[in-house]
Amino acid sequence: MAALTVEGLNKTFRGGLFEKDRHVLRDVSFSLREGQTTGFVGSNGSGKTTTIKCLFDFIHPDSGTIRFFGQEIGNEVKTRIGYLPERPYLYEFLTGEEFLKLHWNLCYGSVTKDFAERAKESLRKVDLLEAKDRRLRTYSKGMLQRVGIAQAILTRPDLLILDEPMSGLDPDGRAMVKDILREEQKRGMTLFFSSHLLQDMEELCSDLVVINKGQILYKGDLPTFMSEFQSLEKAFQVLKNKGAMDV
Ligand SMILES: Nc1ncnc2c1ncn2[C@@H]1O[C@H](COP(=O)(O)OP(=O)(O)OP(=O)(O)O)[C@@H](O)[C@H]1O
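Residues numbered from 1 in each chain as written. Predicted model: local features only at pLDDT ≥ 70, side-chain atom pairs only at ≥ 80, totals over all residues. Heavy atoms only, no water.

Digging into the UniProt feature "domain: ABC transporter" (unreviewed entry) in the protein chain
The feature "domain: ABC transporter" (unreviewed entry), as given by UniProt, occupies residues 4-238 in the numbering adopted here. Across residues 4-238, the secondary structure splits into 36% helix and 25% strand, with the terminal C-alpha atoms separated by 29 Å. (UniProt positions renumbered as here; feature names shortened; annotations may be inferred. Helix = DSSP H or I, 4+ residues; strand = E, 2+ residues; numbered from the N terminus.)

Right under this line is the structure:
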């Protein structure tokens, strides 16, 4: 069964008084193979974050269906999904461990059984165990990104969705995030993460979904994409010449 199936997603943001409406997702359809890592790649403004927000119903799509493990989003299926937003809100007065506790409570209410063990496990995975009692305001950008990932893997989800997890990090920070994701791949996690860089995908992904101006340009395995197009620019060019897409 697919970990996620998206069919016919459309989203228009209504313009203001003198602004035009913006149709930012156009019949977006793709699915994620369970246990595989899929990269969601597209230039800035192509519709990646809007798509991801629609998955969780943070933004209501105009049309389309979304199913996680064959089910509509609901409390039961939510516990199987970990999510890191592109710009997570981090309460800087909380310590790393308190931040995880906040997210645990949002998921499980006041049931604290297993929290201590899971928090330790997540913080160890992202190499923040020693910094767990420090306030987030003292964390570096890389540490903040890693505590965000710790929050996303805290409940041992089956599917992890990360919006631009490598964005703004230096090469060491990017390498660290990639190592964390590789560890999650090893334990069979289905991963879906977005980036505007194809390079980020090459090291980690088996599958690729390419979006441009709200339209899916490619969905399939990464080796086939690379052998046909080699780069995003080439893919846009080839498809434009074919007249297949409004690229
Ligand atoms: N709330 C909103 N109201 C109006 N337009 C929006 C809104 N949110 C996003 N958009 C527009 O929708 C389009 C897609 O934006 P989105 O953030 O999904 O792109 P993205 O691929 O995630 O880009 P980036 O890589 O820069 O994060 C953009 O043109 C953006 O300006």
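Some thoughts on the sheet that holds strand 7 (residues 190-195)
Adjacent strands of a sheet pair through backbone hydrogen bonds, lying either parallel or antiparallel. Pairing is mixed across the open sheet formed by six strands, whose spatial order is 5-6-7-3-8-9. If you trace the sheet from one side to the other, it starts and ends with strand 5 (81-84) and strand 9 (215-221), each paired once. Neighbouring strand axes in the sheet, compared pairwise and without regard to direction, differ in orientation by 10 degrees on average. Where strand 3 (residues 37-41) meets strand 8 (residues 207-212), four bridges bridge the pair, whose relative direction is parallel. Bridged to valine 41 within strand 8 is valine 210. Strands strand 5 and strand 6 (159-162) of the sheet are contacted by helix 5 (residues 141-153), whose axis makes an angle of about 160 degrees with strand 5. (Pairing = 2+ DSSP bridges. Axes fitted to C-alpha atoms, helices over the stretch in contact; angles between N-to-C directions. Contact = heavy atoms within 4.5 Å.)

Structural notes on the sheet that holds strand 1 (residues 4-13)
If you trace the three strands from one edge of the open sheet to the other, you get 2-1-4, paired in antiparallel fashion. Taken across any chain shown, the strands that pair with only one partner, and hence form the sheet edges, are strand 2 (22-32) and strand 4 (63-68). Here the strands of the sheet are splayed against their neighbours by 20 degrees on average, with no regard to which way each runs. In terms of strand pairing, strand 1 meets strand 2 through seven bridges, oriented antiparallel. If you follow threonine 5 over to strand 2, its bridge partner there is serine 31.

Focus on the pattern of salt bridges
For the coordinates displayed, the defined rule picks out 18 salt bridges. Notably, a salt bridge pairs aspartate 207 with arginine 33, separated by 2.8 Å at the nearest N-O pair. You can see aspartate 207 sitting in strand 8 and its partner arginine 33 sitting in the loop between strand 2 and strand 3, a full 174 residues away along the chain. Residue class for aspartate 207 comes out buried when judged on its relative accessible area of 8%. Overall, arginine 33 belongs to the partly exposed group, its relative accessible area being 46%. Here lysine 132 makes a salt bridge to aspartate 133, at a shortest N to O gap of 3.3 Å. Residue lysine 132 is classed as partly exposed on the basis of its relative accessible area of 25%. Residue aspartate 133 is classed as exposed on the basis of its relative accessible area of 53%. Taken together, the salt bridges that share partners define one network made up of Arg174, Lys178, Asp179, Arg182, Asp200 and Glu203. (Salt bridge = Lys/Arg side-chain N within 4 Å of Asp/Glu carboxyl O. Buried < 20%, exposed > 50% of the residue type's maximum accessible area, 1.4 Å probe, protein only.)

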